Amino acid sequence: MPQLIKVTRPTKIELIKLRRRLALASRIQKLVKDRVSILVMEFLQIAEQTVELKKSLLEDFSAMYRSLSLSAGYHGYIALEKELSASEGGLEIAAGLRNIGGVKIPAFELKKEKRKIRGYSPADTSSWVDRTAELSEKCLENIVELAELQKSMAQLGAEINRTKRIVNALEYLIIPGLQSTIKYLNMKFEERDREEKARLKRVKVLLERK
């Protein structure tokens, strides 16, 4: 049975206030449910993108490993290491925020102009080295994108759970409590009205006897 809402005094003014609260709670419930639907839809879309990106990333990693193995076989490990060491450089990632249904989720971007992946001499290397470099760049970009998607999923998931708790509180506690209290007060007022009518009838009968 829903728990009754505490009221200062069982008056008709309190009853009007409770009815207004019930109407407001019902509107809020609808808005929150709509928000949950939007967040869930976004979550599922990002989850689908994450699965596809992970699959693509694994394929690119496999292709890069094969290309690197062929490069090492063609140039030798020592010569290849010497060429690739020249390509080492710093990485810069720009971080920002974007809004989805009131939730701020991260946005990452790998700044290409700041990267120095290819510092080796193309004249002294084979096409396998170029292929390896291309695939490594692609993998790096996908890793940054994957980090953004996974962080977004975590934040959306937490917000969905929090919003669902609000929906459950409205649906199973607040709104039923208001409805039960309104029903209880209506019954009390009806009982008072019947008692008042019965009292007036008795008074009328006593006056008529006199």
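The structure presented is a predicted model; accordingly, all values stated were derived computationally and were not measured. (Residues numbered from 1 in each chain as written. Predicted model: local features only at pLDDT ≥ 70, side-chain atom pairs only at ≥ 80, totals over all residues. Heavy atoms only, no water.)

**A word on the overall build of the chain**
Move 1: Scanning the chain from terminus to terminus reveals three helices and two strands.
Move 2: Ordered by position in the sequence, the α and β elements of the chain form the string α-α-β-β-α.
Move 3: Across the 210 residues that make up the chain, the buried fraction comes to 29%.
Move 4: Restricting to contacts in the chain with at least 6 residues of sequence separation, those with at least 24 account for 78%. (Helix = DSSP H or I, 4+ residues; strand = E, 2+ residues; numbered from the N terminus. Buried < 20%, exposed > 50% of the residue type's maximum accessible area, 1.4 Å probe, protein only. Contact = heavy atoms within 4.5 Å.)

**Structural notes on the pattern of salt bridges**
Move 1: Here the structure, examined in full by the defined rule, presents six salt bridges.
Move 2: Two residues, K33 and E171, come together in a salt bridge whose shortest N-O distance is 4.0 Å. Here E171 lies in helix 3 (residues 127-209) and K33 lies in helix 1 (residues 12-75), a separation of 138 residues in the sequence.
Move 3: Using a relative accessible area of 36% as the deciding quantity, one classes K33 as partly exposed.
Move 4: Residue E171 is classed as partly exposed on the basis of its relative accessible area of 30%.
Move 5: One salt bridge connects R35 with E159, and the closest N-O pair in it is separated by 2.9 Å. Within this pair, whereas R35 is found in helix 1, its partner E159 is found in helix 3, the two being separated by 124 residues in sequence.
Move 6: For E159, a relative accessible area of 14% puts it in the buried group. (Salt bridge = Lys/Arg side-chain N within 4 Å of Asp/Glu carboxyl O.)

**So, the pairing of strand 2 (residues 103-110)**
Move 1: Examined bridge by bridge, strand 1 (residues 93-100) and strand 2 share eight bridges and lie antiparallel to one another. Bridging across to strand 2, A95 finds its partner in F108.
Move 2: The antiparallel hairpin formed by strand 1 and strand 2 contains two residues in its connecting segment, where G101 sits at a positive phi of about 60 degrees. (Pairing = 2+ DSSP bridges.)

**Considering the nonpolar core**
In summary, soluble globular proteins display a tendency toward joint burial of nonpolar side chains.
Move 1: Among the nonpolar cores identified, the biggest contains 15 residues, and L39, V103, I105 and L156 are the most heavily contacted of them.
Move 2: Not counting residues within four places of it along the chain, the set of residues in contact with L39 comprises I100, G101, V103, L156, E159, I160 and T163.
Move 3: Counting residues in hydrophobic clusters, the runner-up holds ten residues, among them L18, L22, L178 and F189. (Core = buried A, V, L, I, M, F, W, Y, C linked by side-chain atoms within 4.5 Å.)

**Structural notes on the side chain of D60**
Move 1: Along the chain, D60 turns up in helix 1.
Move 2: Other than its neighbours up to four places away in sequence, D60 contacts L135, K138, C139 and N142.

**Regarding the packing of aromatic side chains**
Move 1: One pass over the structure, following the stated rule, counts zero aromatic pairs.
Move 2: The lysine or arginine in question, K12, covers the ring of F189, its NZ or CZ lying 6.0 Å from the ring centre. (Phe/Tyr/Trp six-rings, centres within 6.5 Å; stacked < 30°, edge-to-face > 60°. Lys NZ or Arg CZ within 6 Å of the ring centre and 35° of its normal.)

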